[in-house]
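Structure assessment
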Amino acid sequence: MSQTIRTKKREDYALMTHPVISLKPSYNSVIRGCPGVPDTLPRIECELRIRSSDGKAFRIDKIEVVLKGIESLLGGHHSFAPKSKVEKVTIHYKKNIKMSEKKIVGIDIPLTIGLPEDVKETNFNSSFGSSITLLECMVRYNGLEDPQVFAQAVNVEKYTILPNPKRFPSVSRQVFSPDHKFSVEYTVVNPCVSVDDNLNLLLEIKPNARVVGDSSSTSLFGKKFTKLKSVVVSLKECLEILDPATGFGETRENVLREMVHTFDERISSNGIKLKFELPVQARIGLFGEFESSLRELDMLRRAGSQTVSHLPSTRLLQNKTHGSLGIPFQYHSSITTTGGSLFRITHAAAVKVKISSGKSFHLNHPIDVSSWTQLQLKGLDQLIFHEKETAKFARQFYDNFGGITRKNKPTMSNSVTVVEYPPLPPVVYPNDSETLRKLDIKYVNIGSFSRRVPLID
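What this report covers is the structure whose coordinates are included nearby.

Reading guide: rules and limits
Residues numbered from 1 in each chain as written. Predicted model: local features only at pLDDT ≥ 70, side-chain atom pairs only at ≥ 80, totals over all residues. Heavy atoms only, no water. Phe/Tyr/Trp six-rings, centres within 6.5 Å; stacked < 30°, edge-to-face > 60°. Lys NZ or Arg CZ within 6 Å of the ring centre and 35° of its normal. Core = buried A, V, L, I, M, F, W, Y, C linked by side-chain atoms within 4.5 Å. Buried < 20%, exposed > 50% of the residue type's maximum accessible area, 1.4 Å probe, protein only. Salt bridge = Lys/Arg side-chain N within 4 Å of Asp/Glu carboxyl O. Helix = DSSP H or I, 4+ residues; strand = E, 2+ residues; numbered from the N terminus. Pairing = 2+ DSSP bridges. Axes fitted to C-alpha atoms, helices over the stretch in contact; angles between N-to-C directions.

**Details of the packing of aromatic side chains**
Within the structure shown, the criterion is met by four aromatic pairs. Grouped by ring-pair contacts, the aromatic residues F397, Y398, F401 and Y421 constitute a single cluster. Its guanidinium or amino end placed over the ring of F343, K120 lies 3.6 Å from that ring's centre, counting from NZ or CZ.

**What about the nonpolar core?**
Judged by nonpolar contacts, the single largest core of 30 residues is most densely connected at L199, L201, L203, L228, V231 and L274. With 29 residues, the next largest nonpolar core counts L48, F58, I113 and L144 among its residues.

**Focus: the pattern of salt bridges**
Enumeration according to the criterion identifies 16 salt bridges in this entry. Linking K68 and E136 is a salt bridge whose minimum nitrogen-to-oxygen distance equals 3.1 Å. Taken together, the residues K68 in strand β4 (residues 60–74) and E136 in strand β8 (residues 129–141) connect sequence positions 68 residues apart. We classify E136 as partly exposed; its relative accessible area is 24%. Two residues, K407 and E420, come together in a salt bridge whose shortest N-O distance is 3.5 Å. Placement of K407 in strand β21 (residues 405–410) and of E420 in strand β22 (residues 415–420) is noted, with a sequence separation of 13 residues between them. Classification of K407 by relative accessible area gives partly exposed; the value is 46%. Each of the salt bridges in this network shares a partner with another, and the network as a whole consists of R59, D61 and E101.

**Examining the sheet that holds strand β19 (residues 343–355)**
One open sheet accounts for five strands, arranged β12-β20-β19-β16-β17; its pairing is mixed. Strands at the two margins of the open sheet, each flanked by one partner only, are β12 (192–194) and β17 (249–266). On average, each strand axis in the sheet is tilted by 30° relative to the strand beside it, whichever way the strands run. Two strands pair when backbone bridges link them, and β19 and strand β20 (residues 361–370) are joined in this way by seven bridges, in the antiparallel orientation.

**Description of unusual backbone geometry**
Its identity is not glycine, yet L41 carries a phi of approximately 50°, on the positive side. Among the secondary structure elements, L41 is positioned in the loop between β2 (31–32) and β3 (43–52). Look at L41 and you get buried, because its relative accessible area is 2%. Even without being a glycine, H180 presents a positive backbone phi close to 65°. Relative to the assigned elements, H180 resides in the loop between β10 (171–176) and β11 (182–188). Judged by relative accessible area, which is 45%, H180 ranks as partly exposed.

In structure tokens, the structure reads:
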């Protein structure tokens with residue numbers, strides 16, 4: 001019976017005057033600046049619009065705005081909880097706005113929310129889980145118990161990991177086999193790769209001169225003609241998990257791409273030089289279908305007035321089954337994702353060397369996988385420069401309302417700087433005839449009650 005009463009109340013509320021909540025971006029995106037580049041003042045700029053559902057007045061008791069990060073970890077990748085899915089919510093921003101007792105027909109509130117340094121990049125990883133940023137607004141009104149709630153996902157893309165050789169130059173290292181009989185000098189040509197890039201590695205395998213000395217190259221370590229049998233090159237992702245309850249960590253690894261190269265070549269004192277190109281291919285199939293759909297739509301535009309029946313059907317229109325999974329197209333499968341408090345995803349290049357009559361040995365080197373591609377680099381550099389210049393004018397603008405302040409927020413490992421912006425004046429729509437006229441809200445009297453005249457009938 002109680003459930004029936006609650007359902008009846010919700011139906012009654014739906015028929016009553018209630019606030020309708022929406023967000024209007026200041027520009028093309030609610031995010032201004034470049035997350036990860038502090039000089040650009042990364043922030044959310046939008047207008048919170050709360051309007052009457054039918055043009056009649058209502059009273060707002062309280063408005064609560066929350067920006068939160070939600071990390072979700074799939075089952076099978078942790079041992080610290082029996083649940084199939086674990087979530088961790090981090091509150092980046094929270095503000096309560098109290099209103100007067102006056103009834104209004106609407107209010108527009110400018111919002112500027114600084115994105116913290118540790119905000120986590122939006123990412124869906126089909127192997128491990130996901131991380132999203134959510135902007136929520138809750139409006140309590142007319143003294144009712146149930147509030148109106150609005151939630152909008154904010155797509156956070158960070159600009160710290162770019163496949164630019166100037167920012168991530170090639171790296172060279174030398175490692176030795178466990179018995180120190182061989183040395184491997186390797187060079188990672190591009191330690192930061194994009195999701196559709198090639199990982200380029202240079203290797204030189206040769207005897208360790210300090211161990212071999214002046215022995216003949218035809219007989220190495222008492223074994224005639226020691227040979228290189230195989231080299232396995234792989235790109236793997238590493239999931240580092242932090243138990244929310246105990247603070248202890250766990251790690252899981254997953255191989256994204258692997259190539260096996262077989263040899264039967266003698267290792268002389270001159271060594272063996274090798275070059276590898278490993279395709280990254282870190283995007284999930286959904287994103288590939290999305291890109292293919294874009295090409296198909298471009299083809300449709302070029303086709304002009306051709307007969308529609310002769311044109312191919314598009315995957316974009318056929319892909320509704322994926323939408324039911326709740327996986328947005330723009331998410332990438334595996335990109336380097338740091339920050340947050342539940343998990344982070346890193347990558348590494350792994351090389352395993354097999355030598356005849358000897359033990360295999362391997363090496364690992366950290367790799368960053370970026371969501372940005374090489375074709376986007378030039379535009380990104382221009383964008384970052386433009387946002388740095390825009391941030392200078394933004395500082396001057398906010399100085400007129402009290403100025404921007406910076407505070408240190410402690411985290412589990414260190415502290416991060418949080419930028420707080422001064423509140424901007426709202427636009428209030430009072431319940432009077434002049435406001436109704438400006439908003440083109442009209443009523444007609446029908447008997448003892450009035451009914452709103454719709455703009456479009």
